[in-house]
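Residues per chain are reported as follows:
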Amino acid sequence: MTATRILLRAIALALLSLPLAGAAAASCGDPATPIARIQGAGDHSPMAGQTVTVEAILSQDSRHQGGFQGFYLQQADHQTDSDPRTSEALFVYTRRSLGEIGDRLRITGTVKEFHGLTELVGIKAMTRCGREPVPAPIVLTLPWPQPPETLENMRVRFEQPLTVIDSHNLGRYGELTLARTDQVNATEYLEPGPSAQLATERQRLQRVVLDDGHRQQQPRPVPWPPGGLTADNTVRAGDRFGQLVGVLDFRFGDWRLQPQATPELLPANPRQPPPARPEQPHLRLVTLNLANYFNGDGDGQGFPTSRGASSQADYEHQHQRILAALRAPDPDILALTELENDGYGVASSVADLAEALGPSWRVVTTPGADGQDEIRTALLYRSDRVQTSGPAERLTSGLFRHRGRPPVTQVFHAKNGDTGVRITALHLKSKSCRGATGADQDQQDGQGCYNDRRVRAAEAIVHWLSELPAPDNLAGTLVTGDLNAYAREAPLKVFRSAGFTSMVHQLQPCDARTCPQYTYRYKGARGSLDYALASGSLQPRILTAATWLLNADEPRALAYDGPLDVTSALPWRSSDHNPVITDIRL
């Protein structure tokens with residue numbers, strides 16, 4: 001053997017004795033840092049910033065296109081520390097392609113806390129050490145049986161189906177919020193105060209987000225429901241998902257399930273038609289917040305509008321959807337909020353809507369007295385079924401002199417009847433905190449911002465109604481519209497003290513577990529912001545008071561201005577509020 005060949009052989013033997021490219025410095029099976037020690041018993045790793053070597057099982061892969069650029073690594077079941085305070089898994093952030101689910105990997109990298117998620121980054125070496133059973137999922141229920149931090153990045157399985165309570169981010173991020181049962185806004189059934197605040201906080205802690213395993217925005221198709229979200233294939237709040245198995249992940253401030261397989265959708269809140277009309281002679285009132293119905297300049301120009309449609313095409317889509325929603329219950333009177341405040345001319349939004357509803361529809365007009373807000377309330381009626389009695393009135397003094405949406409009131413009676421009913425449409429200040437100062441700031445009692453203004457507005461409306469002349473044969477007064485307050489909040493107390501009763505709540509009582517009638521969903525909790533409040537004399541004449549679960553349960557991605565190209569004139573998600581339907585025997 002020549003000297004050259006001897007030298008080459010020596011070099012080859014030396015190379016074979018070195019770790020393989022990308023391997024950890026030590027061999028498979030050698031001592032490694034337990035993942036539980038890296039995770040620690042607190043919210044953050046006690047080893048953040050340190051370089052460690054771990055050896056565990058690749059339990060779920062997220063290196064696919066659009067994924068989280070890494071995978072989940074969990075300690076083998078026979079190597080856990082059996083301490084319930086510590087998680088047994090990590091997220092490994094890497095673009096390396098080595099390994100698949102069920103591979104035992106030995107990895108050297110640096111521990112990092114990334115916005116609350118414990119990761120291994122800066123991977124220096126990675127070796128495949130054979131195959132091993134994937135750790136069994138931990139069986140969970142909600143409410144959480146233990147702090148979710150103790151299960152971070154681990155495989156879990158929810159024992160029971162979970163209920164969809166929020167789809168706000170479905171179209172944008174491909175996620176749904178789930179809970180054990182549907183959740184009711186605390187001040188819908190509890191008095192405002194510390195107990196309501198505590199109930200709200202407890203609800204927020206008992207949720208999990210069903211994610212889609214992707215990091216990109218605007219996923220297409222929208223992943224839920226299975227098969228992709230469309231106008232005819234929806235997932236509604238109240239529906240349930242079973243077979244929820246995957247990794248418990250923490251991203252963007254929420255605990256998330258990254259499913260290992262498509263869970264099973266269990267429809268529990270199907271779309272329903274509006275309530276049937278009673279057989280007795282009556283007038284049907286439909287109350288609806290139109291979610292900023294603006295028609296530009298009424299001549300196909302003036303878009304984007306300040307609060308509504310961004311184009312003529314969007315407006316036409318919104319217009320057709322609203323028409324479908326308003327026609328379906330077959331109303332005699334409409335009490336509407338969030339219409340453009342642009343007068344009553346032929347090009348106005350309200351005239352546009354009345355013309356489209358049909359030749360018999362009329363608008364209750366109060367020219368020059370609709371307030372200075374961009375939006376207003378409105379009353380419309382079918383002149384072939386209903387007649388007005390006396391002039392319409394708006395409250396434009398006091399609190400409503402320079403701001404707010406002045407309420408409008410009109411007495412109606414059936415076409416061939418003598419008994420009248422006064423319908424008052426209102427829209428109180430929202431809970432948004434923009435510009436709130438002093439008493440209008442959030443008082444941390446569950447009622448949000450501007451509660452003081454809503455209370456003062458309610459008091460002004462009650463006083464105004466008490467001073468209006470009562471015509472002969474007046475059966476009573478119905479106050480209806482968007483109060484931006486839940487059933488137990490202070491503005492409703494003002495009306496209750498004046499003898500007005502929420503007929504929806506009287507006919508369909510609400511408590512912490514069951515609240516069958518609601519008009520709005522906010523951050524996963526449902527409740528009523530829109531009401532039919534009957535005076536004492538009118539209450540015996542209320543035949544029906546119900547909400548049609550038309551809009552609030554549907555994903556906002558299906559709205560006219562949502563990310564999906566839904567152009568069919570369906571009533572679903574025509575607004576973000578559900579309509580209130582009231583049948584009055586006259």
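One pass over the structure, following the stated rule, counts 33 salt bridges. One network of salt bridges, in which partners are shared, links Asp182, Arg236, Arg271, Arg521, Arg526, Asp553 and Glu554.

This structure, assessed with the given rule, holds nine aromatic pairs. Geometrically, the ring pair formed by tryptophan 224 and phenylalanine 241 is edge-to-face, given 5.9 Å between the ring centres and 75 degrees between the ring planes. In this pair, tryptophan 224 is assigned in the loop between strand 11 (207-210) and strand 12 (240-242) and phenylalanine 241 in strand 12, connecting sequence segments 17 residues apart. The exposure class of phenylalanine 241 is buried, given its relative accessible area of 0%. Ring pairs connect the aromatic residues Tyr293, Phe303 and Tyr315, which therefore count as one cluster. Across the ring face of tyrosine 344, the terminal group of arginine 376 is positioned such that the distance to the ring centre comes to 4.4 Å. Taking NZ or CZ as reference, lysine 429 lies 4.0 Å from the ring centre of tyrosine 450, over its face.

What follows deals with the state of the cysteines. One pass over the structure, following the stated rule, counts two disulfides. Disulfide pairing places cysteine 28 opposite cysteine 129 at an S-S distance of 2.0 Å. Looking down the S-S bond of the cysteine 28 and cysteine 129 bridge, the torsion is -75 degrees, so its handedness is left-handed. Linking cysteine 28 in the loop between helix 1 (3-17) and helix 2 (35-39) with cysteine 129 in strand 5 (residues 117-131), this pair joins segments that are 101 residues apart in sequence. Under the relative-accessibility criterion, cysteine 28 is labelled partly exposed at 36%. Across a sulfur-sulfur distance of 2.0 Å, cysteine 433 and cysteine 449 are joined as a disulfide pair. Of note, the bridge from cysteine 433 to cysteine 449 carries an S-S torsion of about 85 degrees and is right-handed in sense.

Judged by pairing direction, the sheet is mixed, and its three strands sit side by side in the order 10-26-25 without closing on themselves. Every interior strand has two partners, whereas the edge strands, strand 10 (183-184) and strand 25 (520-522), have only one. As paired strands, strand 10 and strand 26 (residues 525-527) are joined by two bridges and run parallel to one another. Bridged to glutamine 183 within strand 26 is alanine 525.

By the element assignment, arginine 453 lies in helix 7 (residues 451-467). In this structure, arginine 453 is in contact with Leu399, Arg403, Lys429 and Asp440, ignoring residues within four places of it in sequence.

Interaxial distance between helix 7 and helix 8 (residues 490-497) falls to 8 Å at its minimum, and their mutual angle equals 15 degrees. Taken together, the axis directions place helix 7 and helix 8 in an arrangement best described as roughly parallel. In this structure, the crossing between helix 7 and helix 8 has a hand that is right-handed. Two secondary-structure elements touch here, helix 7 through Asn451, Arg454, Val455, Ala458, Glu459, Ile461 and Val462 and helix 8 through Ala490, Pro491, Val494 and Phe495. Split by residue class, the contact of helix 7 with helix 8 holds eight nonpolar, one polar and two charged.

Now for the confidence of the model for the chain. Confidence in the prediction of the chain, expressed as mean pLDDT, is 93, and 95% of residues score 70 or more. Contacts from residues 1-25, a stretch scored under 50 in pLDDT, to residues over four places away or in other chains number 16 contacts.

Our next topic: the nonpolar core. Core analysis: the biggest nonpolar cluster contains 35 residues, and Phe158, Leu176, Leu178 and Phe241 have the highest contact counts within it. Ranked by the residues each element gives to this core, the list is headed by strand 13 (residues 245-251), at three residues. Once residues lying within four places of it in the same chain are set aside, the contact partners of phenylalanine 241 are Pro161, Leu162, Val164, Leu176, Leu178, Leu210, Trp224, Pro226, Val235, Pro263, Glu264 and Leu265. Core analysis: the next-biggest nonpolar cluster, separate from the first, contains 26 residues, Tyr293, Ile322, Trp548 and Ile581 among them.

With that out of the way, let us pick up helix 5 (residues 312-327). Taking 1.5 Å of rise per residue, 16 residues should cover 22 Å, and helix 5 covers 22 Å from first to last C-alpha, within 8% of that figure. Those residues of helix 5 lying buried are Tyr315, His317, Gln318, His319, Arg321, Ile322, Leu323, Ala324, Ala325 and Leu326. Each element contacted by the buried residues of helix 5 is listed here: strand 16 (283-293), strand 17 (333-340) and helix 6 (349-357).

This next bit is on the side chain of glutamine 410. Along the polypeptide, glutamine 410 turns up in strand 21 (residues 405-414). For glutamine 410, a relative accessible area of 3% translates into the label buried. From its side chain, glutamine 410 meets the backbone oxygen of glycine 390 in a polar contact 3.0 Å long. Leaving out residues up to four positions away in the same chain, glutamine 410 has contacts with Val364, Leu379, Thr388, Ser389, Gly390, Pro391, Ala392, Val421, Arg422 and Ile423.

Now for the sheet that holds strand 4 (residues 103-114). Two pairing modes exist for strands in a sheet, parallel and antiparallel, and in both the strands are linked by backbone hydrogen bonds. One closed barrel holds the five strands; their spatial order is 1-2-3-5-4, and the pairing between them is mixed. This sheet shows a mean twist of 50 degrees between the axes of neighbouring strands, independent of strand direction. By the bridge criterion, five bridges tie strand 1 (residues 51-62) to strand 2 (residues 70-74) in an arrangement that is antiparallel. Paired with glutamine 60 across the two strands is tyrosine 72, which belongs to strand 2.

Our next topic: the packing of helix 5 against helix 6. Between helix 5 and helix 6, the least distance of the axes is 11 Å, while the angle of their chain directions is 55 degrees. Considering their axes alone, helix 5 and helix 6 lie oblique with respect to each other. Along this stretch, helix 5 crosses helix 6, giving a crossing that reads as right-handed. Side by side, helix 5 and helix 6 meet where Tyr315, His319, Ile322, Leu323, Leu326 and Arg327 of the first sit next to Asp352, Leu353, Ala356 and Leu357 of the second. Taken together, the residues of the contact of helix 5 with helix 6 break down into seven nonpolar, one polar and two charged.

Now for the pairing of strand 8 (residues 162-166). Counting buried positions over the five residues of strand 8 gives four, a clear majority of the element. Alignment of strand 8 against strand 12, held across two bridges, turns out to be antiparallel. Within strand 12, the position partnered with threonine 163 by the bridge is arginine 240.

Mapped onto the elements of the fold, leucine 120 is located in strand 5. For leucine 120 and glycine 49, which are 71 residues apart along the polypeptide, the C-alpha to C-alpha distance reads 9.7 Å. Excluding anything up to four places from it in sequence, leucine 120 contacts Val52, Val54, Phe91, Val92, Tyr93, Ile107, Gly109, Thr110 and Val111.

Thresholds applied
Residues numbered from 1 in each chain as written. Predicted model: local features only at pLDDT ≥ 70, side-chain atom pairs only at ≥ 80, totals over all residues. Heavy atoms only, no water. Salt bridge = Lys/Arg side-chain N within 4 Å of Asp/Glu carboxyl O. Phe/Tyr/Trp six-rings, centres within 6.5 Å; stacked < 30°, edge-to-face > 60°. Helix = DSSP H or I, 4+ residues; strand = E, 2+ residues; numbered from the N terminus. Buried < 20%, exposed > 50% of the residue type's maximum accessible area, 1.4 Å probe, protein only. Lys NZ or Arg CZ within 6 Å of the ring centre and 35° of its normal. Disulfide = S-S within 2.5 Å. Pairing = 2+ DSSP bridges. Contact = heavy atoms within 4.5 Å. Axes fitted to C-alpha atoms, helices over the stretch in contact; angles between N-to-C directions. Parallel < 35°, antiparallel > 145°, perpendicular 65-115°, else oblique. Left-handed = near helix turned anticlockwise from the far one by under 90°. Nonpolar A, V, L, I, M, F, W, Y, C, P; charged D, E, K, R; others polar. pLDDT = per-residue confidence, 0-100. Core = buried A, V, L, I, M, F, W, Y, C linked by side-chain atoms within 4.5 Å. Expected span 1.5 Å × (residues − 1). Polar contact = N/O pair within 3.5 Å; in protein donor to acceptor, adjacent residues only side chain to side chain.

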